[in-house]
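# Overview (structure and organization)
Read off the chains here:
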Amino acid sequence: MLSVTGRVIPPAHRAYDAALLLAFIGSALLFLVPQFFFIRQSLLANIAPGIVGDTMSLDNYRTIIADSFYLGVFLRTIVLSAVSVAFGLLLAFPTAYLLARIGSRLVRWLIVLLLISSFVSVVVKVLGLTLLLGTDGPVVRVLRALSLGFWDVRLLHNDASVAIGLVQYTLPLMVMILFGVIQNVPASLEEAAIVHGASDWRAFRRVLLPMLWPGTLAAALISFNMNMGAFTSAVLLGGGRVLTVPIMIQRKIILETDYPNAAALSLLLTLTVILVNIAALKLRPHAVMSARGG
Amino acid sequence: MRISAKQVVIVAGALFSYAFLLVPLAIVIGASFEDSASVYFRFPPEKWSLRWYRELPVKYWHGLGLSCLIALAAAAASTLIGGLAAIGIAKGSLGRSPLLETFFRMPLQVPFVVTGIAFLQFYYLLFDAWRVPLIGSYLGFVLAHLFFCIPYAAGAVGSVITGDLTRIENAGRIAGATEWRVFRRLTLPALKPGLFSGFFYAFIVSFGDVPVSVFLSTGGAVPLPVEIFQTLQFDFDPAVLSISSIVVVLSTFFIVFVQRVIGLDLILPGARR
Amino acid sequence: MSSVSLERLRKRYRDVDVVSDVDLHIAEGELVVLLGPSGCGKTTTLRMIAGLVQPTAGHVRIGGEAVDHLPPRSRNIGMVFQDYALFPNMPVRENIAFGLEERWVAQERVGPRVDAMLALIRMQAFAGRYPAELSGGQQQRVALARALAYEPRVLLMDEPLGALDQRLREDMQREVARIQKSLAITTVFVTHDQQEAMVLADRIVVMNAGRIEQVGTPEQLYAAPQSLFIADFVGRTNRMPGEARECSNGVVRVMLRNGCEISAKAAGAVRAGDAVVCTIRPEKLRIGPVEGHRGNTLPVTMRRRSFLGSSVDLAVDDAVGAEMLVRLAASAAEVPASGDHVLAVFSLDDCLCFRSPAA
């Protein structure tokens, strides 16, 4: 029995093909249909709150792109997301390394803690952060006691607190991904580097990091994508002073009922994310290496 | 025993990460015992009491129940669909097509907030055209959650389909088993870790979702995270601390239960332990 | 090159001593093999010499100075790992150059040195290849070159040939021996394969359950094993359980379980009444009747023969059905047919008697 590509396939594969077809049809409907209408919306004009025009044009997009205010918000969103990813990686590396290399029964419980932290919705974590960093919270009080805050310290409602919220959001996932990646690098590689004269740092830089790079990139991109679409931290920790694209989109819907422009903004946001992902692929080294030679 | 700089960095980094992630949760629990209705955090509480546990508004319990039901349905359906997709891609006649794999991963490139409003306005459309009331409905939530849960499930199942599996299946075929028996007795058990972890992660993401669900909620149907979000945004209510603490405790029990009964191996496929 | 000394070395994990009471001196230029079954502590001992594992007690000296406080990179040692551990992101040339670069050797000197190492392992044509493109044997050689490139004082090898097939393994054993002798580098080699140990070692250190059982040249260990474990582990031997009847002047009269009485040399203290095990190497057995033979005889029944090229192995059953192995030269006179009842004969000098290990 021949397939589309001309290869002879055994009958069993037909069952798998049917499975795939089923899943594909269902998913395609779910993925594509709402998006199609959504894109269509963005091409319509917003006449009045809730009322939408009939003619299609790229006007909404033109307005947004031409406006430096919008560009500024886009930039800020990208920077916040990227910075959060960077800090997240900085924290995730040692944590994942410890989990991967420590080889004791403790690891199980450490992973349980990690899972609990990702299970609990980000709102709860943000709630905790709000209490922690608030003007009468313990951190500020400690700082005040140490006289480091004799000027009024505002730990909340700024870019930094939003970044912290974003890291809270993505850190557990980054640790889990890096944990799997590091486990796949045999410890003997690090030992070989050390025995042959490398310092811990050099062993990391010359041997471990190159092997972890594809996985790190994947973790970074996933976190970046999540950060670009998150507004929980931005709204609650930003307190109205930090404006990101997701917040703008939310306001356009809830406050202005301006669907077409919200749709246009959303599509531009999605495009930005896709472009960053594609650009990041350039950073991927071409040689495919396995940890065990041959 | 000498302690190297590397050990210090690793342990310090890991400790800080855990503190970073867990301290906010601890604070929420600690603050939930505070009697006064202020939004400021006092620890230890000025006045200990279980007031906010006794006076928990019903809407939070409804929200918790709704979130659980949605997550269950979304996780189950996405594991099924994503699992079928992963198996079909890996073992179908088209071979492991990168195009198909990208297709099923695509939803994760769409920012959550965009997904939320895309589905919102799509549901409006359906309502205007055919009077289908999906906003604020159980099905409405589940469908929207499926959008981003299917990629997780498909990825999880896909990651356990290895060359080893094909070899085992071939051994079964040579030994004389029919295709159906090969699937049932060899393939399916090998897929178990992927299916479990796919379900588990899809559940986590659906349960904790805010950006999508916030747009699809109406007065009567509000998942818990959205409920908490709205309280924090507009009208602080200390009861939010107690319901959050309950969620933390329930999550802990749930995960410890999974670890004890099913074992972490099943939800961390590909991680050798 | 440097000597290596292990003094009262001990390593404890949780409640178990995986290595205890290890005292060993390895001379400059010597190739010592740590031999033993899995879990005997040989790899842990090697890793303590390397500095990858901290001893619970005891000292490691290289060249006379204690190195316990030094990290592995400062001990000036080379190491070849069981899984080769070549850096997959670097070509062969860079792998070999790694140690030189980490020691800040001047750029001009790195190139020629790498070339010399490539010549040593005869892989000049592979300088630009990546580990994933090499076969197991080739990777092994690169790992060796990498370890030797910066002229370390000591070379450590952790079961490096385990993953190779038989033929390649024997070739590599010769290669390793040749290189080691030409560089005269002090080498500690870990393996569980006694054949490999016999081929390579100047001296063999047999380890069991964390302790050193015996140290000696291959000849010493083969001819004069100090324990039943070693007699059994180094080379093949036949075990004959029984009971000691009388013992005088180092000669023991033993009643074997198969009903025969034989005389054997006592290995260690044996008293009348002890449960014992006697050992006789397969090549020391002859098929009788032999002219003028005054030694031990055992009636056996012939079962199977295996022709091995230079020798013939005969599997025979003794009176109670226990299987024994007789090894004859290929040129030996007729080989009995299966089912024949014959006599296996051997001399008292070749038979050792050990007290039975506590059951």
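### What about the overall build of chain A?
Along the backbone of chain A there are 12 helices and two strands. Of the regular secondary structure in chain A, the N- to C-terminal order runs α-β-β-α-α-α-α-α-α-α-α-α-α-α. Counting all 294 residues of chain A, 54% fall into the buried class. Counted over contacts in chain A with a minimum sequence separation of 6, partners at least 24 positions apart contribute 70%. Put simply, chain A shows about 12,900 Å² of open surface, and 70% of that area lies on carbon and sulfur atoms.

### Looking at the overall build of chain B
Scanning chain B for helices and strands turns up 11 helices and zero strands. In chain B, the succession of α and β elements from N to C terminus is α-α-α-α-α-α-α-α-α-α-α. Reported as C-alpha extents along the three principal axes, the dimensions of chain B are approximately 75 × 75 × 30 Å. Buried positions account for 53% of the 273 residues belonging to chain B. In the form shown here, chain B has an accessible surface area of approximately 12,300 Å², with 69% of it arising from carbon and sulfur atoms. Seen as two clouds, the 20 positive and the 14 negative side-chain charges of chain B have centres 14 Å apart.

### Topic: the packing of helix α3 (residues 68–101) of chain A against helix α12 (residues 259–281) of chain A
Residues and elements named next belong to chain A. It is the contact of α3 with α12, at a shortest axis distance of 12 Å, that shows an interaxial angle of 45 degrees. What the angle tells us is that α3 and α12 run oblique. Seen along the crossing, α3 lies across α12 with a hand that is right-handed. On α12, the residues touching Y70, F74 and I78 of α3 are L265, L268, L269 and T272. Its residues assigned to classes, the contact of α3 with α12 comprises six nonpolar, one polar and no charged.

### A look at the pairing of strand β11 (residues 238–248) of chain C
All names here are of chain C. Across six bridges, the pairing between β11 and strand β14 (residues 275–280) is antiparallel. Within β14, the residue paired with P241 across the bridge is V277. Of the strand pairs in this sheet, β11 and strand β12 (residues 251–256) are connected by six bridges, and their pairing is antiparallel. When the sheet's bridge partners are listed, S248 is paired in β12 with V251. What sits between the antiparallel neighbours β11 and β12 is a turn of two residues, in which N249 has the positive phi angle 55 degrees.

### Here we look at the packing of aromatic side chains
Geometry of an aromatic ring pair is reported as the spacing of the ring centres plus the angle between the planes. The full count for this structure, using the stated rule, is 32 aromatic pairs over all chains. A centroid spacing of 5.5 Å and a plane angle of 55 degrees characterise the contact between F119 of chain A and F254 of chain B, whose relative ring orientation is tilted. Of this pair, F119 of chain A sits in helix α4 (residues 106–119) while F254 of chain B sits in helix α11 (residues 239–261), which puts the two residues in different chains. Residue F119 of chain A is classed as buried on the basis of its relative accessible area of 4%. Since its relative accessible area comes to 32%, F254 of chain B is described here as partly exposed. Where Y259 of chain A meets Y124 of chain B, the ring centres are 5.9 Å apart and the plane angle is 85 degrees; that geometry is what we call edge-to-face. With one member in each of two chains, Y259 of chain A in helix α12 and Y124 of chain B in helix α5 (residues 112–130) form a pair that bridges those chains. Y259 of chain A gets classed as buried once you look at its relative accessible area, which sits at 13%. An aromatic cluster is built from F24, F31, F36 and F37 of chain A together with F103, F104, F119, F122, Y123 and F147 of chain B, whose rings are joined through pairwise contacts. Taking NZ or CZ as reference, R103 of chain C lies 3.8 Å from the ring centre of Y150 of chain C, over its face. Above the ring of F87 of chain C, the side-chain terminus of R146 of chain C is found at 4.6 Å from the ring centroid.

### Observations concerning the sheet that holds β14 of chain C
All names here are of chain C. Read around the closed barrel, five strands run β11-β12-β13-β20-β14, paired in mixed fashion. Between one strand and the next, the sheet's axes are offset by a mean angle of 55 degrees, whatever the strand orientation. Of the pairings in the sheet, the one linking strand β13 (residues 261–266) to strand β20 (residues 352–355) comprises two bridges and is parallel in character. Across the sheet, residue A266 finds its bridge partner in β20, namely C353.

### So, the nonpolar core
Within soluble globular proteins, side chains that are nonpolar generally end up buried alongside one another. Membership of the largest hydrophobic core comes to 195 residues, with the highest contact counts inside it found for L99 and F231 of chain A together with L156 of chain C. Counting residues per element, this core draws most heavily on α3 of chain A, at 14 residues. Leaving out residues up to four positions away in the same chain, F231 of chain A has contacts with P246, I247 and Q250 of chain A together with V113, V210, P211, V214, F215 and F229 of chain B. M117, M123, I185 and A201 of chain C belong to the second largest nonpolar core, which has 46 residues in total.

### Thoughts on unusual backbone geometry
Residues and elements named next belong to chain C. We note that D21 has phi near 60 degrees; this positive angle belongs to a residue other than glycine. The residue D21 is located in strand β2 (residues 16–26) in this model. One non-glycine residue, A85, adopts positive backbone phi at about 55 degrees. Mapped onto the elements, A85 comes out in the loop between β6 (77–80) and α2 (92–102).

### Here we look at the interface of chain A and chain B
Residue-level contacts link 88 residues of chain A with 94 residues of chain B. Sorting the residues of chain A by area buried against chain B places Y16, F31 and F119 of chain A first, and these three jointly supply 10% of that buried surface. Our count for the chain A to chain B interface comes out at one salt bridge. Here K6 of chain B makes a salt bridge to E190 of chain A, at a shortest N to O gap of 3.8 Å. Our count for the chain A to chain B interface comes out at eight residue pairs in polar contact (both at pLDDT 80 or more). At 20 residues, helix α1 (residues 12–42) of chain A tops the list of elements feeding residues into the side of chain A that touches chain B. Within the side of chain A that touches chain B, the residues separate by chemical class into 59 nonpolar, 21 polar and eight charged.

### A short note on the environment of V249 of chain B
Position of V249 of chain B among the secondary structure elements: in helix α11. Taking the C-alpha atoms as reference, V249 of chain B lies 19 Å from I262 of chain B; in sequence the two are 13 residues apart.

### Quick look at a nonpolar patch on the surface
All names here are of chain A. Together, L75, V79, V83, F87 and L90 make up a nonpolar patch on the protein surface, roughly 500 Å² of accessible area in all. For V79, the position within the fold is in helix α3. On the accessibility criterion, V79 (46% relative accessible area) is partly exposed.

### What about the sheet that holds strand β1 (residues 4–13) of chain C?
Residue and element names in this part refer to chain C. If you walk across this open sheet you meet the four strands as β2-β1-β4-β5, and the pairing is antiparallel. Lying at the two open borders of the sheet, with one neighbouring strand each, are β2 and β5 (65–66). Bridging between β1 and strand β4 (residues 57–62) involves five bridges; their strand directions are antiparallel. Within β4, the residue paired with S5 across the bridge is R61. In the packing of helix α1 (residues 42–50) onto the sheet, the strands contacted are β1, β2 and β4, and the crossing angle to β1 comes to about 120 degrees.

### A short note on the confidence of the model for chain B
Residue and element names in this part refer to chain B. With 92% of its residues at a pLDDT of 70 or more, chain B has an overall mean of 84. Put simply, helix α2 (residues 51–54) is where chain B has its lowest mean pLDDT, 78, and helix α1 (residues 5–31) is where it has its highest, 91. Across the assembled chains, the prediction reports ipTM 0.84 with pTM 0.85.

What counts as what
- Residues numbered from 1 in each chain as written.
- Chains lettered and ligands numbered in written order.
- Predicted model: local features only at pLDDT ≥ 70, side-chain atom pairs only at ≥ 80, totals over all residues.
- Heavy atoms only, no water.
- Helix = DSSP H or I, 4+ residues; strand = E, 2+ residues; numbered from the N terminus.
- Buried < 20%, exposed > 50% of the residue type's maximum accessible area, 1.4 Å probe, protein only.
- Contact = heavy atoms within 4.5 Å.
- Areas by Shrake-Rupley, 256 points an atom, 1.4 Å probe, with all protein chains shown as cover.
- Lys, Arg positive; Asp, Glu negative; His and termini not counted.
- Charge placed at Lys NZ, Arg CZ, Asp CG, Glu CD.
- Axes fitted to C-alpha atoms, helices over the stretch in contact; angles between N-to-C directions.
- Parallel < 35°, antiparallel > 145°, perpendicular 65-115°, else oblique.
- Left-handed = near helix turned anticlockwise from the far one by under 90°.
- Nonpolar A, V, L, I, M, F, W, Y, C, P; charged D, E, K, R; others polar.
- Pairing = 2+ DSSP bridges.
- Phe/Tyr/Trp six-rings, centres within 6.5 Å; stacked < 30°, edge-to-face > 60°.
- Lys NZ or Arg CZ within 6 Å of the ring centre and 35° of its normal.
- Core = buried A, V, L, I, M, F, W, Y, C linked by side-chain atoms within 4.5 Å.
- Buried area = accessible area lost by both parts, 1.4 Å probe.
- Salt bridge = Lys/Arg side-chain N within 4 Å of Asp/Glu carboxyl O.
- Polar contact = N/O pair within 3.5 Å; in protein donor to acceptor, adjacent residues only side chain to side chain.
- Patch = residues over 30% accessible without salt bridge, like charges linked within 9 Å, V, L, I, M, F, W, Y side chains within 5 Å.
- pLDDT = per-residue confidence, 0-100.

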